[in-house]
Amino acid sequence: MLEVIDDYAILFLDRHGNVENWNKEAEKIKGYTAEEIIGHNINVFYSEESRRNKLPELLIEEARLRGRAQHEGWRVRKGGELFWAFVTISAIYGDQREVVGYSKFIRDLTAKRQMEKTTEEYARELEIKNKELEQFVYIASHDLQEPLLTVKNFVELFKDEYKDVFDDNARLYLQFIDRSTERMRNLIKGLLDYARLGGHQVKTLVDCNLLMDSLQNDLFSSITAAEATITYKDLPIVYGFETALRQLFQNLLSNSLKFKMPGVPPQIDISVAAHDNFWHFEFKDNGIGIEPCYKEKVFVMFQRLHNVADYEGYGIGLSHCKKIVELHGGKISVESVLNEGSSFNFTLRV
Amino acid sequence: MKRYKDLDCVLLVDDDISTNFIHRRIVENTKINVDVKEISSAKEALDYLTYSGKYENMEHAPKAGIIFLDINMPGMNGWDFIAEYKKLDQKHKARIVVVMLTTSLNPDDEQHAANVEEIATYLHKPLNMEAFAQIADKYFEVIDEE
């Protein structure tokens, strides 16, 4: 029977810890044949150091006193190679309840231990990377903003103190500097906001109908100016980060208002369907649409499809949307026909 | 002013108008007699080369000799432009030298540029007068030294 139990080396020892019986798996794990090992003491399986510390004797003693001893540690194969073993030694009793010998089960866990070590290392690396990212956010917020602010301040001084000396050309240069610093300030802010999305927030139940109602209030002037019609009803209550979800809805709405077809009042329809444990949201508009080749690119940070002169912007909104949806375990994508409209689809876990 | 054969016009293709402004100054300050055309998108640059869109019937406009091309542009970027440029009829791109001009610090971009036959060289912004004069000397024949 002993021969067919895989992965476990099973051996029987006499009272003194000498090997009496040896199975095939033991031969595989320890490297000795039965002929070679029977009659030898188990201390041959232990390293010099373990032997000095009397580990084999201590384990046998523990098994004798308590009936069982377990230990995980390095053992030595024939030829000196080390392996990581999980060992159970149990006492075998005679008719008079006296200990007559021991059974010893040994499992080679070297591979498992290595895997655990790899996982540990991976987790540690991840932790370091996260720290670096946090550090990066700090650098962006402080070290990059500071020189930028200096440029901005001195441009202001120039404009105040030298306004009579400057000709049109000089004023044009200042305008370039001004616009560039303002743009950079906003890009850095977008980067920072992105890094902070969802951090230090608690998930709550968010009623998307109420969310849309209040957004319509906030965006009242731009909705009216664009003569936009927005429809939605029976939106679900979802469990998530309220501020982030609000931003998601607001970014999508603002985009539809911004990228409207010239001369055509925007029509924005929001609908939801539930299946496979997800709410499937659709934000559909009749705007200028997106060329199919840019379907992925629009969600990448700082990627824009239009020149600043045509549409103001920083290429931040949809990258934020993507991160927010992913924070909620969902996915976002866009379907669009150029000059007919876009339909942004995203999922949120039910 | 120096003149070069077939170098009538330099095309500056960049979505950032302040960059185009600076580059125009640099080209103009070099003592080379050449027109400068600022273009703010890759799509418009293709239109310029093929006399289409807003450049329809503009065959008389100076023919581009050098294109300074930005990589990072909204919509069609520099790489997308190159892909379209490759497909152009030979008559539209004859004797044109394309120079990739970028703020990218990504070594992959430089490597990529080196592997594209259409890209003569790859420079970091801003363009400077010496680099421009060198490119003119390397790829064009001087016809007037005055």
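Residues numbered from 1 in each chain as written. Chains lettered and ligands numbered in written order. Predicted model: local features only at pLDDT ≥ 70, side-chain atom pairs only at ≥ 80, totals over all residues. Heavy atoms only, no water.

Looking up chain B in an unreviewed UniProt entry gives the name Response regulator, with the organism given as Pedobacter hiemivivus.

The name given to chain A in an unreviewed UniProt entry is histidine kinase, and the organism recorded there is Pedobacter hiemivivus. Taken verbatim from the UniProt record of chain A, the Catalytic activity (unreviewed entry) comment is "ATP + protein L-histidine = ADP + protein N-phospho-L-histidine." (UniProt positions renumbered as here; feature names shortened; annotations may be inferred.)

On to the overall build of chain B. Within chain B, the secondary structure is distributed over 6 helices and 7 strands. Of the regular secondary structure in chain B, the N- to C-terminal order runs β-β-α-β-α-β-α-α-β-α-β-α-β. For a compact globule of 146 residues, the expected C-alpha radius of gyration is about 15 Å, and chain B comes in at 14 Å, within 12% of that figure. Taken along the three principal axes of its C-alpha coordinates, chain B extends 40 × 35 × 30 Å. Out of the 146 residues belonging to chain B, those deemed buried represent 48%. Computed over 17 positive and 27 negative side-chain charges, the inter-centroid distance for chain B is 3 Å. (Helix = DSSP H or I, 4+ residues; strand = E, 2+ residues; numbered from the N terminus. Rg over C-alpha atoms; globule rule 2.2 N^0.38 Å. Buried < 20%, exposed > 50% of the residue type's maximum accessible area, 1.4 Å probe, protein only. Lys, Arg positive; Asp, Glu negative; His and termini not counted. Charge placed at Lys NZ, Arg CZ, Asp CG, Glu CD.)

A word on the UniProt feature "domain: Response regulatory" (unreviewed entry) in chain B. With numbering aligned to this structure, UniProt lists the feature "domain: Response regulatory" (unreviewed entry) at residues 9-140 of chain B. Secondary structure across residues 9-140 of chain B divides into 42% helix and 22% strand, with the first and last C-alpha atoms of the span separated by 12 Å.

The next subject is the interface of chain B and chain A. Contacts between the two partners involve 13 residues from chain B, matched on the other side by 12 residues from chain A. The junction of chain B with chain A conceals about 920 Å² of combined surface from both sides, 47% of it contributed by carbon and sulfur atoms. The largest share of the area that chain B buries against chain A comes from Phe21(B), Pro74(B) and Gly75(B), three residues that together contribute 47% of it. At the boundary of chain B with chain A, the tally comes to 5 residue pairs in polar contact (both at pLDDT 80 or more). For the side of chain B that touches chain A, the leading source of residues is helix H1 (residues 17-29) of chain B, giving 4 residues. (Contact = heavy atoms within 4.5 Å. Buried area = accessible area lost by both parts, 1.4 Å probe. Polar contact = N/O pair within 3.5 Å; in protein donor to acceptor, adjacent residues only side chain to side chain.)

Counting 68 residues, the largest nonpolar core has Phe249(A), Phe346(A), Ile67(B) and Phe81(B) as its most contacted members. The biggest single contributor to this core is helix H9 (residues 242-258) of chain A, with 7 residues. Not counting residues up to four positions away in its chain, the partners in contact with Ile67(B) are Leu11(B), Val13(B), Leu49(B), Phe81(B), Tyr85(B), Ile96(B), Val97(B), Val98(B) and Val99(B). Judged by nonpolar contacts, the second largest core, of 25 residues, contains Ala26(A), Ile29(A), Ala91(A) and Ile106(A). (Core = buried A, V, L, I, M, F, W, Y, C linked by side-chain atoms within 4.5 Å.)

Once that is clear, we can look at the UniProt feature "domain: Histidine kinase" (unreviewed entry) in chain A. Per the UniProt entry, the sites bearing "domain: Histidine kinase" (unreviewed entry) are residues 139-350 of chain A in this numbering. Between the C-alpha atoms that bound residues 139-350 of chain A the distance is 37 Å, and the span itself is 46% helix and 20% strand.

Among the surface-exposed residues, Tyr138(A), Ile139(A) and Leu144(A) lie close enough to one another that they form a single nonpolar patch of about 270 Å² accessible area. As for its position among the elements, Ile139(A) is in helix H5 (residues 110-161). (Patch = residues over 30% accessible without salt bridge, like charges linked within 9 Å, V, L, I, M, F, W, Y side chains within 5 Å. Areas by Shrake-Rupley, 256 points an atom, 1.4 Å probe, with all protein chains shown as cover. Salt bridge = Lys/Arg side-chain N within 4 Å of Asp/Glu carboxyl O.)

Turning our eyes to something else, we now look at the packing of aromatic side chains. All names here are of chain B. All told, the structure shown has 19 aromatic pairs over all chains when counted by the stated rule. A centroid spacing of 6.1 Å and a plane angle of 55° characterise the contact between Phe-68 and Phe-132, whose relative ring orientation is tilted. Of this pair, Phe-68 sits in strand E4 (residues 64-70) while Phe-132 sits in helix H6 (residues 129-139), placing them 64 residues apart in sequence. Residue classification places Phe-68 among the buried positions, given a relative accessible area of 2%. (Phe/Tyr/Trp six-rings, centres within 6.5 Å; stacked < 30°, edge-to-face > 60°.)

This next bit is on the packing of H5(A) against helix H6 (residues 168-196) of chain A. Residues and elements named next belong to chain A. Across the interface, H5 lies against H6 with an axial gap of 10 Å and an inter-helix angle of 160°. By the angle between their axes, H5 is roughly antiparallel relative to H6. Two packed elements cross with a definite hand, and for H5 against H6 that hand is left-handed. Residue classes in the contact of H5 with H6 are distributed as 15 nonpolar, 3 polar and 7 charged. (Axes fitted to C-alpha atoms, helices over the stretch in contact; angles between N-to-C directions. Parallel < 35°, antiparallel > 145°, perpendicular 65-115°, else oblique. Left-handed = near helix turned anticlockwise from the far one by under 90°. Nonpolar A, V, L, I, M, F, W, Y, C, P; charged D, E, K, R; others polar.)

As a further point, take the pattern of salt bridges. All names here are of chain A. Overall, the coordinates contain 28 salt bridges over all chains when judged by the stated rule. Where Lys-28 meets Glu-25, a salt bridge forms, and the shortest distance between an N and an O atom there is 3.6 Å. With Lys-28 and Glu-25 both in helix H1 (residues 24-30), this residue pair falls 3 residues apart, about one helical turn. Residue class for Lys-28 comes out exposed when judged on its relative accessible area of 63%. Within this structure, Arg-77, Glu-81 and Asp-108 form a network of salt bridges that share partners.

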